[in-house]
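So the chains spell out like this:
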Amino acid sequence: MPDCLSREKIGEGECPYILPGEEELRENRELRIRRKCLYCKRLLDLIPEEEDTRGFLLKIALEELREKDRVIRDMKDFLKLQKEQITVLHRVSEVLNLSLDLREIAYVVLLSITAGELFGFNRSILLLYDRETRVFTGYFGMGPRTPAEAVKIWEEIERERKSFPVLLESFTVDKFEEEKNKFLDILEALETEIDEGTEAFIFGGKGTLIIREKGLEFPFFRKIFDVLKTPFYVLLPLKTKEGPIGVIIADNFVTGLDIRPERIESLEIFAYQASLAIHRAALHRYLEDKLRELEELNAALKQYNEKMAKMEKMAAVGEIIHHITHEFKNPLIVIGGLSKELLKETDPSDSRYRYLQAINEEVERLLDILNRTVEDARRRFSVRREPVDINSLLESRLREYAPLFKAKNIQVNLAKDEAIPPVMVDPSQIQVCFDNVIFNAIEAMPEGGRLDIRSERNSGGSIRISFKDTGVGMSEDVMKRIFEPYFTTKKRGSGLGLYNTREIMKAHGGDIEVESREGEGTTVYLIFTGGEHGGEREKGEDTLRR
Ligand code: ADP
Ligand code: MG
């Protein structure tokens, strides 16, 4: 029977359970007993007769038993805690999954970070991150601001038995604002633009960062120390597959307690959940904004279409007036003149005299009606001139179409000559000209581009507005025909835009000129001659056509 239990040292190969690398166990009886002998199949046969060895063995066995028991109890506690945490986390994730309100999500996330049942930090702050500008903006904060307030809050939670699930349901917009206002100074102070290195360090996959030293290489981390005045803090990166979206900063500025390492893993799982919820809410908000923009755009387009329809009608009326004057009035005048001549040569006793008189009277009457109708139409579709600030008119058009430019990815630049005097024009009609030219430019840049608008006054006093686009341009064949009414190269074009624009410009004593290169772009010039007083034409009312 081997006496390995009573000897301090045993020889090589004597115990089959000592593995390579465990050679020290051969030299140390107590360690050997704790690690190997207590679990040795041969132990019961090996227990020696001597009291000394038996006593020693019993003492070690009891100590090991107690130690194991303690470990099991700890494990049980830990498992219980984990189970509670999982239940609570489950509840939190339900709320996070259901809400599309960023405020509610921020509230629930920070509540979880500060709740004793979960992560139990004294205080937490949410900063949102803009990937494009690399700027952190303070969004929300939660917790006490001073140790005294901390004591008050914690006592209140204790007294009113506010359990976490109850608190979880407590979100209201008012509560959110109240809590946020408490943190406004901190949130503002933490607004920071970071560099690429800092971004890579925070979001590069290290997970939770525990920041302890003040002399850190990243100014952002030092700034957080300065603002929070805390010995250490935890920085929890929030990101989704698409990239970083923010950080949660949490600290124990009141209790000074260190973060429990066993919580870090669940903290990270939680951070991922929070990131998804925040991302979803932000996306929702973005889509809502887009929807509003599209609605605005739609309204702008509708307004434009109505205006175009009106302009087309005006052009049609102009056409009718023109037609009547030429095709009706002139022959009537001829008939009237001839009948008068015939009347002079006819004797009143002649039976035809009465007929000629009747013809003459009817012609006069018709001419009278015609003149009155034409005058009426002239008045109705006339240019009503007033002093107009061309620059502000341009600005107001650009403001109205801003959502359209954005949606179409068109960069617009307006270079104003501030010295332009007011021009005597009909603002509603000039606005139509601007709209026609601007819409043609937009339609020429389906993939986006640049529209440069410039106003300038030349030495002769005329004012020129140029609209330069980087669109598809025009061939020479198209250029020749653009002012023809109804000429269009578009599926749904009216072909009246440039025609009407030219009519209006001419009615104002101005003009339109176009330069274009196929594949490069087009520049349209609207020219107002005569500056201050709107051309050499007489003031007041001119008809749109002749
Ligand atoms: P519509 O826009 O309804 O076609 P317009 O009279 O406004 O009618 O324009 C006539 C034609 O002139 C257009 O169909 C297009 O071919 C051409 N055009 C006008 N402006 C531009 C521009 N900025 N770039 C390229 N082509 C243009
Ligand atoms: Mg057009």
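Rules used throughout
- Residues numbered from 1 in each chain as written.
- Chains lettered and ligands numbered in written order.
- Predicted model: local features only at pLDDT ≥ 70, side-chain atom pairs only at ≥ 80, totals over all residues.
- Heavy atoms only, no water.
- Patch = residues over 30% accessible without salt bridge, like charges linked within 9 Å, V, L, I, M, F, W, Y side chains within 5 Å.
- Areas by Shrake-Rupley, 256 points an atom, 1.4 Å probe, with all protein chains shown as cover.
- Salt bridge = Lys/Arg side-chain N within 4 Å of Asp/Glu carboxyl O.
- Helix = DSSP H or I, 4+ residues; strand = E, 2+ residues; numbered from the N terminus.
- Pairing = 2+ DSSP bridges.
- Axes fitted to C-alpha atoms, helices over the stretch in contact; angles between N-to-C directions.
- Contact = heavy atoms within 4.5 Å.
- Parallel < 35°, antiparallel > 145°, perpendicular 65-115°, else oblique.
- Left-handed = near helix turned anticlockwise from the far one by under 90°.
- Nonpolar A, V, L, I, M, F, W, Y, C, P; charged D, E, K, R; others polar.
- Lys, Arg positive; Asp, Glu negative; His and termini not counted.
- Charge placed at Lys NZ, Arg CZ, Asp CG, Glu CD.
- Buried < 20%, exposed > 50% of the residue type's maximum accessible area, 1.4 Å probe, protein only.
- Domains from an automatic or database assignment.
- Polar contact = N/O pair within 3.5 Å; in protein donor to acceptor, adjacent residues only side chain to side chain.
- Near = heavy atom within 4 Å.
- Phe/Tyr/Trp six-rings, centres within 6.5 Å; stacked < 30°, edge-to-face > 60°.
- Lys NZ or Arg CZ within 6 Å of the ring centre and 35° of its normal.

Trainee: Looking at this structure, I do not really get a nonpolar patch on the surface. What am I missing?
Mentor: Residues Leu58, Leu62 and Leu65 make up a contiguous nonpolar surface patch of roughly 300 Å² in combined accessible area. With respect to the helices, strands and loops of the structure, Leu62 is situated in helix H3 (residues 51-98).

Trainee: What is the right way to read the sheet that holds strand E11 (residues 449-457) from this model?
Mentor: By definition, the strands of a sheet pair up through backbone hydrogen bonds, in either a parallel or an antiparallel sense. Taking strand neighbours across the sheet as the criterion, the five strands line up as E9-E11-E12-E14-E13 in an open arrangement whose pairing is mixed. Of all the strands in the sheet, the pair left with one neighbour each is strand E9 (410-415) and strand E13 (511-517). Going from strand to strand, the sheet's axes swing by 10 degrees on average, the running direction of each strand aside. Sheet topology note: the E9/E11 ladder contains six bridges and is parallel. Note on E11: the bridge partner recorded for Asn413 is Asp452. Helix-sheet contacts for helix H14 (residues 427-444) involve E9, E11, strand E12 (463-469) and strand E14 (521-528), and the interaxial angle to E12 is about 20 degrees. Strands E13 and E14 of the sheet are contacted by helix H16 (residues 497-507), whose axis makes an angle of about 140 degrees with E13.

Trainee: I'm lost on the packing of H3 against helix H4 (residues 102-114) in this one. Help?
Mentor: Geometry of a packed helix pair, given as the angle between the helix axes and the separation of the axes. Put simply, H3 and H4 touch, their axes get as near as 9 Å, and they point 165 degrees apart. Relative to H4, H3 is oriented roughly antiparallel. In this structure, H3 meets H4 at a crossing whose hand is left-handed. Listed contacts from H4 to Val92, Val95 and Leu96 of H3 are Glu104, Ile105, Val108, Val109 and Ser112. Within the contact of H3 with H4, the residues separate by chemical class into six nonpolar, one polar and one charged.

Trainee: I'm lost on a negative patch on the surface in this one. Help?
Mentor: A contiguous patch of negative charge, built from Glu49, Glu50, Glu51 and Asp52, is present on the exposed surface. As for its placement among the helices and strands, Glu49 is situated in the loop between helix H2 (43-46) and H3.

Trainee: Teacher, can you tell me more about H16 here?
Mentor: Residues spaced three or four apart along an α-helix point in a common direction, a consequence of the helix completing one turn every 3.6 residues. Among the 11 residues that make up H16, eight are buried, leaving the element largely enclosed by the rest of the structure. One or two residues past the end of H16 sits Gly509, with phi positive at roughly 75 degrees.

Trainee: Would you take a moment to explain the domain arrangement of the chain for this structure?
Mentor: Quoted interface sizes are often the accessible area lost when the parts come together. When its domains are assigned, the chain resolves into domain 1 (3-82), domain 2 (99-259), domain 3 (295-380) and domain 4 (386-528). Each of domain 1 and domain 2 has a C-alpha centre, and the two are 49 Å apart.

Trainee: I would appreciate a short explanation of the pairing of strand E1 (residues 123-130) in the present structure.
Mentor: Residues in a regular strand point their side chains to alternate faces of the sheet. Of all eight residues in E1, seven are buried, a share of seventy percent or more. As defined by bridge partners, E1 adjoins strand E6 (residues 243-251) across six bridges and the pair is classed as antiparallel. Its bridge partner being in E6, Ile125 is matched across the sheet by Ile249. By the bridge criterion, seven bridges tie E1 to strand E2 (residues 135-142) in an arrangement that is antiparallel. What sits directly across from Leu127, in E2, is Gly138.

Trainee: Teacher, can you tell me more about the environment of Thr346 here?
Mentor: Here Thr346 is to be found in the loop between helix H11 (264-345) and helix H12 (351-380). When the C-alpha positions of Thr346 and Glu268 are compared, they lie 114 Å apart, and in sequence the two are 78 residues distant. Each residue touching Thr346, except ones within four places of it in the same chain, is listed here: Tyr353 and Leu356. At a separation of 2.5 Å, a polar atom in the side chain of Thr346 contacts the main-chain carbonyl oxygen of Leu342.

Trainee: Would you explain the site of ligand 1 in this entry?
Mentor: Taken together, the neighbourhood of ligand 1 is formed by 19 residues, with Asn440, Thr488, Thr489, Lys490 and Leu498 sitting nearest. Asp469 has a polar side-chain atom sitting 2.9 Å from a nitrogen atom of ligand 1. In this structure, an oxygen atom belonging to ligand 1 sits 2.8 Å away from a main-chain N or O atom of Leu498. With the chains in place, 93% of the 530 Å² that ligand 1 exposes on its own is no longer accessible. For the shell around ligand 1, the secondary-structure elements that each account for two or more residues are H14 and H16. Looking at the shell around ligand 1 element by element, the count peaks at four residues for H14. Counted by class, the shell around ligand 1 contains seven nonpolar, nine polar and three charged residues.

Trainee: Help me out: how do you make sense of the pattern of salt bridges in this one?
Mentor: Oppositely charged side chains can form a pair if their charged atoms are brought close together. Evaluated as defined, the whole model comprises 38 salt bridges. A salt bridge links Arg7 to Glu14; its shortest N-O distance comes to 2.3 Å. Between Arg365 and Glu362 there is a salt bridge, with its nearest N and O atoms 3.3 Å apart. With Arg365 and Glu362 both in helix H12 and three residues apart, the pair spans about one turn of that helix. With a relative accessible area of 48%, Arg365 lands in the partly exposed category.

Trainee: I tried to follow the packing of aromatic side chains on my own but got confused; where do I start?
Mentor: What characterises a pair of aromatic rings is the spacing of the ring centres plus the angle enclosed by the ring planes. For the structure shown, the criterion picks out 16 aromatic pairs. When the ring of Phe136 is compared with that of Phe203, the centres are 6.3 Å apart and the planes differ by 25 degrees; the resulting orientation is stacked. With Phe136 in strand E2 and Phe203 in helix H9 (residues 196-203), this residue pair connects regions lying 67 residues apart in the sequence. You'll find Phe136 and Phe203 in the same group, each marked buried. Counting every residue linked through ring pairs, the aromatic cluster contains Tyr129, Phe136, Phe201, Phe203, Phe218, Phe220 and Phe221. The ring of Phe253 carries Arg123 above its face, with NZ or CZ at 3.9 Å from the centroid.

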